[in-house]
Amino acid sequence: MNKVAFALIGGIAALAAAPALAQDEHPTAQNVAESIAACQLITDADWLHLDRLDSLGYEQAKKRAGGRRSAQRIRGLYQKRGNPTTIIIMREELDEKNCVVSASLPDTAAYGALAQELSGIIGMPVGQDGYGYVWQLDDHRLTVQPEGEQDSPFARFTLTATGDDGVPSAPEPAAE
C-alpha cells in the first residue's frame, strides 16, 4: 500500500471518532496493547474472525453526518469506546490475513516513546527494520512503522498469524 493510501486511511481514521472520543485524543501504550490483543484473538493464518470484534467491545467506526444523531458507519474501521486506536481491516488486510492497529501520535517524536512503552507491556522486539520494529507474539508477528505526515503522524501496527516456524503464512492464491 502506498503512502497516499496510508494518508487516506489515517484521515478516515481521524474522522471516524466514536461519539465518546475526542478527535484530538491520542492512545496510550495500554490502549495500543489492548487493540493488538484483540487483533491476536481474531487473526488466524487462514481467516480474520471479524464477528469476534463485537464481543471484545469493538464496533464499526462512525462518521458524524450532519446532525448529532445521524452517523454513518465506516466499513473496515473498528473502534472501542474509551480506546482511541482504530483497528483497520480493509480488503487488502482481509486478503493478506493482517489486522492493523492505527494509533495517532501528538507529534513525530512520540513514535519512539510509544514503541518503548509498548515493549514494557508486550515484551522487547525481536528485530528492527529502519524505523520499524518487529515482535514475535506467540504464533503472531507484529510490526510497527511510523506513518502519516509531520502534522498528523501515526503508528501503524500490523499483526499477522505465523506458522510454527515464526514465518508469516502466505496468503492463498487468488482463484482465476
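What counts as what
Numbers given to residues run from 1 along each chain, matching the order in which its sequence is written. Totals for whole chains, interfaces and linings use all residues, but because this is a predicted model, local features are given only for residues with pLDDT of at least 70 and pairs of side-chain atoms are given and counted only at 80 or more. Hydrogen atoms and water are omitted, and side-chain values are computed over all heavy atoms in the structure. The numbering of helices and of strands both runs from the N terminus, where a helix is a DSSP run of H or I of at least 4 residues and a strand a run of E of at least 2. Type-normalised accessible area, obtained with a 1.4 Å probe on protein chains alone, sets the label of each residue: buried when under 20%, exposed when over 50%, and partly exposed for intermediate values. Should any heavy atoms of two residues lie within 4.5 Å, those residues are counted as being in contact. One side-chain nitrogen of Lys or Arg within 4 Å of one carboxyl oxygen of Asp or Glu is enough to make a salt bridge. For our purposes a nonpolar core is just a set of buried Ala, Val, Leu, Ile, Met, Phe, Trp, Tyr and Cys residues, chained together by side-chain atoms within 4.5 Å. Each Phe, Tyr or Trp ring, with Trp reduced to its six-membered ring, pairs with another whose centre is within 6.5 Å; inter-plane angles below 30 degrees give stacked pairs, above 60 give edge-to-face pairs, and intermediate values give tilted ones. Each pair of strands is called paired provided DSSP finds at least two bridges between the two strands. Expected helix span is computed as 1.5 Å times (number of residues minus one). Confidence scores per residue from the predictor, reported as pLDDT, run from 0 to 100.

Caption draft 1: Quick look at the overall build of the protein chain. Of regular secondary structure, the protein chain possesses five helices and eight strands. If you list the helices and strands of the protein chain from N to C, you get α-α-α-β-β-β-α-β-α-β-β-β-β. Each of the 176 residues in the protein chain was classed as buried or not, and the buried ones make up 40%. Restricting to contacts in the protein chain with at least 6 residues of sequence separation, those with at least 24 account for 51%.

Caption draft 2: Local environment of the pattern of salt bridges. For the structure shown, the criterion picks out two salt bridges. Where E34 meets K80, a salt bridge forms, and the shortest distance between an N and an O atom there is 2.7 Å. Pair noted here: E34 is in helix α2 (residues 29-42) and K80 is in strand β2 (residues 71-80), with a separation of 46 residues, a long-range link. Given the relative accessible area of 29%, E34 is considered partly exposed. On the basis of relative accessible area, K80 is assigned to the partly exposed category, the value being 21%.

Caption draft 3: Up close: the nonpolar core. The biggest cluster of nonpolar side chains holds 28 residues, and the ones touching the most others in it are I36, I87, I89, L114 and F157. If you list the elements that add at least two residues to this core, you get α2, β4 (98-104), α5 (110-122), β6 (132-137), β7 (140-149) and β8 (152-161). With residues near it in sequence (within four places) discarded, L114 still touches T28, A29, V32, A103, L105, A155 and F157. Core analysis: the next-biggest nonpolar cluster, separate from the first, contains five residues, A61, I74, I88 and V100 among them.

Caption draft 4: Layout of the packing of aromatic side chains. If you walk through the whole model with that rule in mind, you get two aromatic pairs. Taken together, a centroid distance of 6.4 Å and an interplanar angle of 50° make the contact between Y133 and W135 tilted. Its relative accessible area of 24% is what places Y133 among the partly exposed residues. One aromatic cluster in this structure is built from Y111, Y133 and W135.

Caption draft 5: View of unusual backbone geometry. One non-glycine residue with positive phi stands out, namely K97, at about 60°. Take K97: it is sitting in the loop between α4 (91-96) and β4. Classification of K97 as buried rests on a relative accessible area of 18%. Phi angles above zero are rare outside glycine, and D138 is one such case at about 50°.

Caption draft 6: Geometry of the pairing of β4. With six of seven residues buried, β4 lies mostly within the body of the structure. The sheet contact formed by β4 and β8 spans seven bridges and is antiparallel. Bridging across to β8, V101 finds its partner in F157.

Caption draft 7: Local environment of α2. For α2, which comprises 14 residues, the first-to-last C-alpha distance of 20 Å matches the rise-based estimate of 20 Å (1.5 Å per residue) to within 8%. The set of residues buried in α2 consists of A29, N31, V32, A33, S35, I36, A38, C39 and I42.

Caption draft 8: Structural context of the confidence of the model for the protein chain. When the pLDDT values of the protein chain are averaged, the result is 82; 74% of them are 70 or greater. Low pLDDT, under 50, characterises residues 1-23; the predicted model gives this stretch 36 contacts beyond four residues in sequence or across chains. Residue range residues 169-176 is modelled with pLDDT below 50. Its contacts to residues more than four positions away, or to other chains, number six contacts.

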